[in-house]
Amino acid sequence: MTTIPTPRGRLTEARALNDLTWLRVGGPADYLFQPADLEDLQAFLRDLPAEVPVFPMGVGSNLIVRDGGLRAVVIRLGRGFNGISVAGTTVTAGAAALDAHVARKAADAGVDLTFLRTIPGSIGGAVRMNAGCYGSYTADVLKSATIVTRQGEVVERAPADLNFRYRQSDLPEGAVLVSATFQGPAGDPADLHARMEAQLKKRDETQPTKDRSAGSTFRNPAGFSSTGRADDVHDLKAWKVIDDAGMRGARRGGAQMSPKHSNFLINTGNATAADLEGLGEEVRKKVYETSGITLEWEIMRVGDPLTD
């Protein structure tokens, strides 16, 4: 029988994850671990048997947990891992700090990390997914990332170590990212805040921000996101090929492709993870049939389907 170490933080067995994801779906994790502090996380990972999988989870903004749950210890960082500090144009943030909070605090200090303002989720996820918008990416401003390895060691990683790609990076298996340091361009605080307000206004006009979604569902086929510039072409954006396939507003159970922005998968109220993932796969099939393009998921899907 596998022995799970007893930490100082909170360890919950058979913890449902639906209330921890923005889409509000998902079965239970074998365990949910919320470490008390860095040392607690180190000791737990060091003492956890090697055969037990670990899944670091942020605020669940870009995640579908399948209905059968997750056979792993889910690690969710909270208070103690959400600090933000600024020195000159260098910003250091805990992995649990929300992207929007980091952007605002940086702007207060005259540091331009404004692209983070409209990105849902936390800094750990932003680094892991190389989050970006308006032509800026996390990789462009990252100086270093601090991780705790599966052996419980605290290690600093340079951007080159993470092999950043479009919406992807490489972290050691089972490692938990705990903080990141960014170097942003200097700017006038008032100008930076005004720019973020304009970005928020545009987002609210074009995206279903009031609906239960997980942000963009599929990566843009061309491998880049909208720049927001007037000369930006939209022929290879995910929403465009979904529209061309006639899937805007498509439904399956409680899941729907948003009528407002067809690359947003929404839970209309009673969707299961199977509804959401199934609709996404229908969209991928239809897009391939109509355009020959294979859409790649941007939302991470993890866990087991529900079995009879």
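Values in this document were obtained by computation on a predicted structure and should not be read as measured data.

Asker: Could you give me a rundown of the UniProt feature "active site" (unreviewed entry) in the chain, with the residues and numbers involved?
Answerer: When the UniProt feature table is mapped onto this chain, "active site" (unreviewed entry) is found at Arg167, Ser216 and Glu298. These annotated residues cover 132 residues of sequence, and their C-alpha atoms all fall within 11.2 Å of one another, placing them together at a single site. Locating Arg167 in the fold gives a position in the loop between strand 11 (154–157) and strand 12 (176–183). Look at Arg167 and you get buried, because its relative accessible area is 8%.

Asker: Tell me about the UniProt feature "domain: FAD-binding PCMH-type" (unreviewed entry) in the chain, residues and numbers included.
Answerer: In the UniProt entry, the feature "domain: FAD-binding PCMH-type" (unreviewed entry) is given for residues 24–187. With 18% helix and 32% strand, residues 24–187 has end C-alpha atoms that lie 38 Å from one another.

Asker: Outline the domain arrangement of the chain, supporting the account with residue identities and numerical values.
Answerer: The assigned domain composition of the chain is domain 1 (10–76), domain 2 (84–191) and domain 3 (211–302). Computed from C-alpha atoms alone, the centre-to-centre distance between domain 1 and domain 3 is 27 Å. Contacts between domain 1 and domain 3 engage 13 residues on the former and 19 residues on the latter. Carbon and sulfur atoms make up 58% of the area that domain 1 and domain 3 hide from each other, which totals about 1400 Å². Three residues stand out in domain 1 for area buried against domain 3, namely Leu23, Ile64 and Arg66, and they jointly supply 45% of the buried area on that side. At the junction of domain 1 and domain 3, the tally comes to one salt bridge. Across the contact surface, domain 1 and domain 3 share nine residue pairs in polar contact (both at pLDDT 80 or more).

Asker: An account of the pattern of salt bridges is needed here, citing residue identities and associated values.
Answerer: Per the counting criterion, the structure on display carries 17 salt bridges. We note a salt bridge from Arg15 to Asp19, for which the minimum N-O separation is 2.8 Å. For Arg15, a relative accessible area of 23% translates into the label partly exposed. Owing to a relative accessible area of 39%, Asp19 belongs among the partly exposed residues under this scheme. With a closest N to O distance of 3.0 Å, Arg284 and Glu281 form a salt bridge.

Asker: Please set out helix 2 (residues 99–108) residue by residue, giving values where relevant.
Answerer: Looking only at helix 2, the buried set comprises Asp99, Ala100, Val102, Ala103, Ala106 and Ala107. For helix 2, the angular spread of the buried residues around the axis is 160°, confining them to a single face. Turning to helix 2, the residues buried within the fold contact strand 6 (84–87), strand 7 (90–94), helix 3 (123–128) and helix 5 (189–206). Two residues or fewer after helix 2 comes Gly110, characterised by a positive phi angle close to 80°.

Asker: Tell me about helix 7 (residues 273–291), and name the residues and values.
Answerer: An ideal rise of 1.5 Å per residue puts 27 Å on 19 residues; helix 7 measures up with 27 Å between its terminal C-alpha atoms. Lining the buried residues of helix 7 we find strand 4 (63–65), helix 6 (238–244), strand 14 (251–252), strand 15 (255–257), strand 16 (264–267) and strand 17 (300–302). Taken from the residues just after helix 7, Gly292 is the one with a positive phi, measuring 75°.

Asker: Provide a residue-level description of the side chain of Thr114, including the pertinent values.
Answerer: For Thr114, the position within the fold is in the loop between helix 2 and helix 3. Residue Thr114 is classed as buried on the basis of its relative accessible area, which comes to 4%. Residue contacts for Thr114: discarding those within four places in its chain leaves Leu192, Arg195, Met196 and Gln199.

So, how was this worked out
Residue numbers here run from 1 along each chain, matching the order of that chain's written sequence. Owing to the predicted nature of the model, reporting of local features is limited to residues with pLDDT of at least 70; listing and counting of side-chain atom pairs is limited to 80 or more, with chain, interface and lining totals taken over all residues. Side-chain calculation: all heavy atoms of the structure are included, whereas hydrogens and water are not. UniProt positions are given in the numbering used here, feature names are shortened, and annotations may be inferred rather than shown by experiment. Strands are runs of DSSP state E lasting at least two residues, helices are runs of H or I lasting at least four, and both sets are numbered from the N terminus onward. Only protein chains enter the accessibility calculation, which uses a 1.4 Å probe; a residue whose area is less than 20% of its type maximum is buried, one above 50% is exposed, and one in between is partly exposed. Segmentation into domains, and thus their bounds, comes from an automatic or database assignment. Two residues form a contact once any of their heavy atoms are found within 4.5 Å. Two parts placed together each lose some accessible area under a 1.4 Å probe, and the buried area is that loss summed for both. Criterion for a salt bridge: a side-chain nitrogen of Lys or Arg within 4 Å of a carboxyl oxygen of Asp or Glu. Here a polar contact is taken to be a pair of N or O atoms separated by no more than 3.5 Å, where protein atoms must pair a possible hydrogen donor with a possible acceptor and residues adjacent in sequence count only if both atoms sit in side chains. When we speak of the arc, we mean the arc of directions from the helix axis to the C-beta atoms. Multiplying 1.5 Å by the helix residue count minus one yields the expected span of that helix.

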